[in-house]
Amino acid sequence: MSSQDVLKNASTLASYNVLLQVMFRVFTFLLNAFTLRFMSKELIGVVNVRLTLLYSTLVFLSREAFRKACLSGGSGKDHNWRQVINLLWLTLPLGILWSCLLVCVWLWLLEVPDAQTIPNYGPAVVLFALAALQELLAEPLWVLAQAHMFVRLKVVAESLAMIAKCILTVVLVVSAPQWGLYIFSAAQMAYTGFLVLCYGMYFLRFLGSGEASRTGFPLHGFGELLPSRVDGEPLINWTLAKLTWSFFKQSFLKQILTEGERYVMTFLNVLSFGDQGVYDIVNNLGSMVARFIFLPIEESFYIFFAKILERGRDVKSQKQEEVSMAAEVLGCLLKLVLVIGLIITVFGYAYSHLALDIYGGSLLSSGAGPSLLRCYSSYVLLLAINGVTECFVFAAMSKEEVDRYNIVMLALSVSFLFLSYMLTWWAGGIGFIMANCLNMGLRILHSLLYIHRYFLQSPWRPLRALWPSPALLLALALSAVLTSLSEGVFCCDGGWLLRLVHIAVGAVCLLGVLVTVLLSETELIQFVRTQLLPLYRKKRT
């Protein structure tokens, strides 16, 4: 597969992933708004923080390192897929070990919610762990699909799973609200069950078909998806196994950084379950755009960079055409996420109070809620830049560089936990966002230095994309002033008419910013039109 084909498929994958994440966040957004009317904020805090943290920790530590290693280097056809499948099946026993450890911690070391207020906590912990193990059954299939660019499979599977989860949650919340945590446990089991079912049914139909033969798919029968050994070959690819171990040490630390505030809330009890619920809702609302735009771009273009760059080799010793393409794509991605992040930062400040009041009423708009969302709007800008820079760095680093970076991640993890505790004790929930901003800034600095050194001996300078045009900066500054004045005059206690005026002011300012982007960032617009939104050409899966 040529580098142009890889870019085309990675761009299509990013587009599908963005649409998928938009749907996910809309469903979650509506589901949270719905459950707020029926469930207490304490129960929502236990589900969205405590139990979701258990699930995400178990899944992330069990599979993330395997994903990064097995998707690195060359096209999917270059792998010995029997060895890769064998390696990927190790996620299941690893997940069982993690589940035993984490369930014991969640049941016996952490503070248990009051049984009168939040019953059935113990069974819910076990069921969330089982849901994570159930999802790991589909891991070999997921990696196969990603490596061979089956871009629609992920969309269909995760869409059906999310729809099933939402429908079950709504039905049970309305018909049996007394079930409490059992509702969300059953919904999570349904979600992971649908994922496994969809991937399994697809490959059961695909393997051995004419389509598989035409595309040269390396496996021919469903039985080859199970662990097996070929005479004369090692059971697993030991090079990938060593790379997996390097990524595993890194993923452990990255998980602490990614979910750091939840770990601090869970293990140090700095916020009550009710306050945790409010913080988590605000956090999810603030990170919505980051998750449904930035994360899919990061995941998809990590695959692109990993396939066209040779890990651990400098620029001069690689194909210059592919290095040029990587530099061009990196620059366009940086400019894209920078522009989106700046828009969110500017407009998030003036519209946080209104958004929370519409979404959750006085439960969210009173107190620290608006300040939390305003701070998170600024944090989104750092999230955007870090996602793209790290996706390039992780694809280009050698195994030794990954190991060295693990030391950096360890230092960041320790400092983050310390800062989170101290700043939360001083500033409440805002302290979590402040600690995240400081750590994200340090991670960005490390990535920028690596990228600068990587391209230093070449004519390409992708980091120059981090400076937007003066016209765009002027448009953003004017929008910040006008929307802030509008909030002070029209929002948010004067009724819906004045709120609509405030919204109209923001819409006009946003339109002006978008027109400025179209006129001043022509290279970025061309990249988005031809690579991220390939809606005008025939798609291949």
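Residues numbered from 1 in each chain as written. Predicted model: local features only at pLDDT ≥ 70, side-chain atom pairs only at ≥ 80, totals over all residues. Heavy atoms only, no water.

**Regarding the overall build of the protein chain**
Of the regular secondary structure elements, the protein chain holds 21 helices and zero strands. Scaling as 2.2 N^0.38, a compact globule of 541 residues should have a C-alpha radius of gyration of about 24 Å, and the protein chain matches this with 24 Å. Taken along the three principal axes of its C-alpha coordinates, the protein chain extends 75 × 60 × 45 Å. Long-range contacts, defined here as pairs at least 24 residues apart, represent 82% of the contacts in the protein chain between residues at least 6 apart. When the accessible surface of the protein chain is totalled, it reaches about 22,900 Å², and 68% of it is carbon and sulfur. Of note, the protein chain has its 40 positive side-chain charges centred 5 Å away from the centre of its 33 negative side-chain charges. (Helix = DSSP H or I, 4+ residues; strand = E, 2+ residues; numbered from the N terminus. Rg over C-alpha atoms; globule rule 2.2 N^0.38 Å. Contact = heavy atoms within 4.5 Å. Areas by Shrake-Rupley, 256 points an atom, 1.4 Å probe, with all protein chains shown as cover. Lys, Arg positive; Asp, Glu negative; His and termini not counted. Charge placed at Lys NZ, Arg CZ, Asp CG, Glu CD.)

**Digging into the environment of glycine 428**
For glycine 428, the location among the structural elements is in the loop between helix 17 (399–427) and helix 18 (429–454). The exposure class assigned to glycine 428 is partly exposed, which follows from its relative accessible area of 24%. When the C-alpha positions of glycine 428 and isoleucine 340 are compared, they lie 28 Å apart, and in sequence the two are 88 residues distant. (Buried < 20%, exposed > 50% of the residue type's maximum accessible area, 1.4 Å probe, protein only.)

**Section: the packing of aromatic side chains**
Any two aromatic rings considered together are summarised by their centre-to-centre distance and by the angle between their planes. Applying the stated criterion across every chain, the model contains 22 aromatic pairs. Relative to phenylalanine 304, the ring of phenylalanine 301 has its centre 6.0 Å away and its plane inclined at 80 degrees; by these criteria the two rings are edge-to-face. Remark: phenylalanine 304 and phenylalanine 301 occur in helix 13 (residues 288–308); sequence separation between them is three residues, near one turn of the helix. The class for phenylalanine 301 is buried, based on a relative accessible area of 0%. Grouped by ring-pair contacts, the aromatic residues Phe301, Phe304, Phe305, Phe392, Tyr450, Tyr454 and Phe455 constitute a single cluster. (Phe/Tyr/Trp six-rings, centres within 6.5 Å; stacked < 30°, edge-to-face > 60°.)

**Looking at the packing of helix 2 (residues 41–70) against helix 11 (residues 260–268)**
Where helix 2 contacts helix 11, the axes come no closer than 10 Å and their chain directions differ by 120 degrees. For the element pair helix 2 / helix 11, the angle class is oblique. Two packed elements cross with a definite hand, and for helix 2 against helix 11 that hand is left-handed. Residues Asn48, Val49, Arg50, Thr52, Leu53 and Thr57 of helix 2 touch helix 11, and the partners they reach there are Arg262, Tyr263, Met265 and Thr266. (Axes fitted to C-alpha atoms, helices over the stretch in contact; angles between N-to-C directions. Parallel < 35°, antiparallel > 145°, perpendicular 65-115°, else oblique. Left-handed = near helix turned anticlockwise from the far one by under 90°.)

**As for the nonpolar core**
The nonpolar side chains of a soluble globular protein tend to be buried with one another. One finds Tyr199, Phe203 and Phe305 to be the most contacted residues of the largest nonpolar core, which totals 167 residues. Among the elements that make up this core, the one with the highest residue count is helix 14 (residues 320–360) (24 residues). Beyond its immediate sequence surroundings of up to four residues, phenylalanine 203 is in contact with Leu141, Leu144, Ala145, Phe150, Leu153, Phe217, Phe222 and Leu225. (Core = buried A, V, L, I, M, F, W, Y, C linked by side-chain atoms within 4.5 Å.)

**Brief notes about the side chain of arginine 262**
Tracing the sequence through the fold places arginine 262 in helix 11. Owing to a relative accessible area of 6%, arginine 262 belongs among the buried residues under this scheme. Discounting chain neighbours no more than four positions away, the residues touching arginine 262 are Asn48, Val49, Thr52, Leu53, Asp280 and Asn284.

**Description of the state of the cysteines**
Taken as a whole and assessed by the stated rule, the structure comprises zero disulfides. In this structure cysteine 104 is a free cysteine whose sulfur lies 6.9 Å from that of cysteine 100, the closest cysteine sulfur available. (Disulfide = S-S within 2.5 Å.)

**Quick notes on the packing of helix 2 against helix 5 (residues 121–136)**
Two quantities define a packed helix pair, namely the angle between the axes and the distance from one axis to the other. Contact geometry for helix 2 and helix 5: axes closest at 9 Å, N-to-C directions at 30 degrees. Every pair of crossing elements has a handedness; the one defined by helix 2 and helix 5 is right-handed. Listed contacts from helix 5 to Val46, Arg50, Leu51, Thr52, Leu54, Tyr55, Leu58, Val59, Ser62 and Arg63 of helix 2 are Tyr121, Ala124, Val125, Phe128, Ala129, Ala131, Ala132, Leu133, Glu135 and Leu136. For the contact of helix 2 with helix 5, the class distribution of residues is 15 nonpolar, two polar and three charged. (Nonpolar A, V, L, I, M, F, W, Y, C, P; charged D, E, K, R; others polar.)

**What to know about the pattern of salt bridges**
Taken as a whole and assessed by the stated rule, the structure comprises 10 salt bridges. Aspartate 357 is paired through a salt bridge with arginine 499; the nearest N and O atoms lie 2.4 Å apart. A residue pair is termed long-range when its members are at least 10 positions apart, and aspartate 357 in helix 14 and arginine 499 in helix 20 (residues 496–520) qualify at 142 residues. A salt bridge links glutamate 487 to arginine 374; its shortest N-O distance comes to 3.0 Å. (Salt bridge = Lys/Arg side-chain N within 4 Å of Asp/Glu carboxyl O.)

**Description of the environment of serine 272**
With respect to the secondary-structure elements, serine 272 resides in the loop between helix 11 and helix 12 (273–286). Along the backbone, serine 272 and glutamate 42 are 230 residues apart, and their C-alpha atoms lie at a distance of 8.1 Å.

**Some points on the side chain of serine 352**
Locating serine 352 in the fold gives a position in helix 14. A distance of 3.5 Å separates the side chain of serine 352 from the backbone nitrogen of arginine 374, its partner in a polar contact. The contact partners of serine 352, leaving out residues within four places of it in the chain, are Pro370, Leu373, Arg374 and Ser377. (Polar contact = N/O pair within 3.5 Å; in protein donor to acceptor, adjacent residues only side chain to side chain.)

**Here's the deal with helix 8 (residues 181–206)**
Taking 1.5 Å of rise per residue, the 26 residues of helix 8 would be expected to cover 38 Å, and the 38 Å separating its terminal C-alpha atoms lies within 8% of that figure. Note on helix 8: the residue one or two positions beyond its end, glycine 208, has a positive phi of about 85 degrees. (Expected span 1.5 Å × (residues − 1).)

**Overview of unusual backbone geometry**
With a phi angle near 65 degrees, asparagine 120 is a residue other than glycine that sits in the positive phi range. Note that asparagine 120 resides in the loop between helix 4 (91–109) and helix 5. Classification of asparagine 120 as partly exposed rests on a relative accessible area of 27%.

**Thoughts on helix 17**
Every α-helix winds through 3.6 residues per turn, so residues three or four apart in the chain are directed the same way. Along its 29 residues, helix 17 runs 40 Å from first to last C-alpha, staying within 8% of the 42 Å computed at 1.5 Å per residue. The complete set of buried residues in helix 17 reads Val402, Tyr405, Asn406, Met409, Leu412, Ser413, Phe416, Ser420, Leu423 and Thr424. With its phi angle positive at about 70 degrees, glycine 428 sits one or two positions after the end of helix 17.

**Here we look at the confidence of the model for the protein chain**
Residue-level pLDDT values for the protein chain average 83, and 91% of them are 70 or greater. Looking at the elements of the protein chain, mean pLDDT is at its lowest for helix 1 (residues 3–35), recorded as 66, and at its highest for helix 5, recorded as 96. Overall, residues 535–541 carries pLDDT values under 50, and its contacts beyond four positions in sequence, including any with other chains, amount to 14 contacts. (pLDDT = per-residue confidence, 0-100.)

**A word on a nonpolar patch on the surface**
Judged by side-chain polarity, Phe267, Leu268, Phe418, Tyr421, Met422, Trp425, Trp426 and Met434 come together as a nonpolar surface patch covering roughly 920 Å² of accessible area. Listing elements by their share of the nonpolar patch, those giving two or more residues are helix 11 and helix 17. When residues in the nonpolar patch are grouped by element, the largest group, five residues, is from helix 17. Here methionine 434 falls in the partly exposed class, since its relative accessible area comes to 31%. (Patch = residues over 30% accessible without salt bridge, like charges linked within 9 Å, V, L, I, M, F, W, Y side chains within 5 Å.)

**Some details on the environment of valine 196**
If you trace the backbone, valine 196 turns up in helix 8. Between the C-alpha atoms of valine 196 and glycine 428, which are 232 residues apart in sequence, the distance is 40 Å. Apart from the residues lying within four places of it in its own chain, the contact partners of valine 196 are Gln134, Glu135, Leu137 and Ala138.

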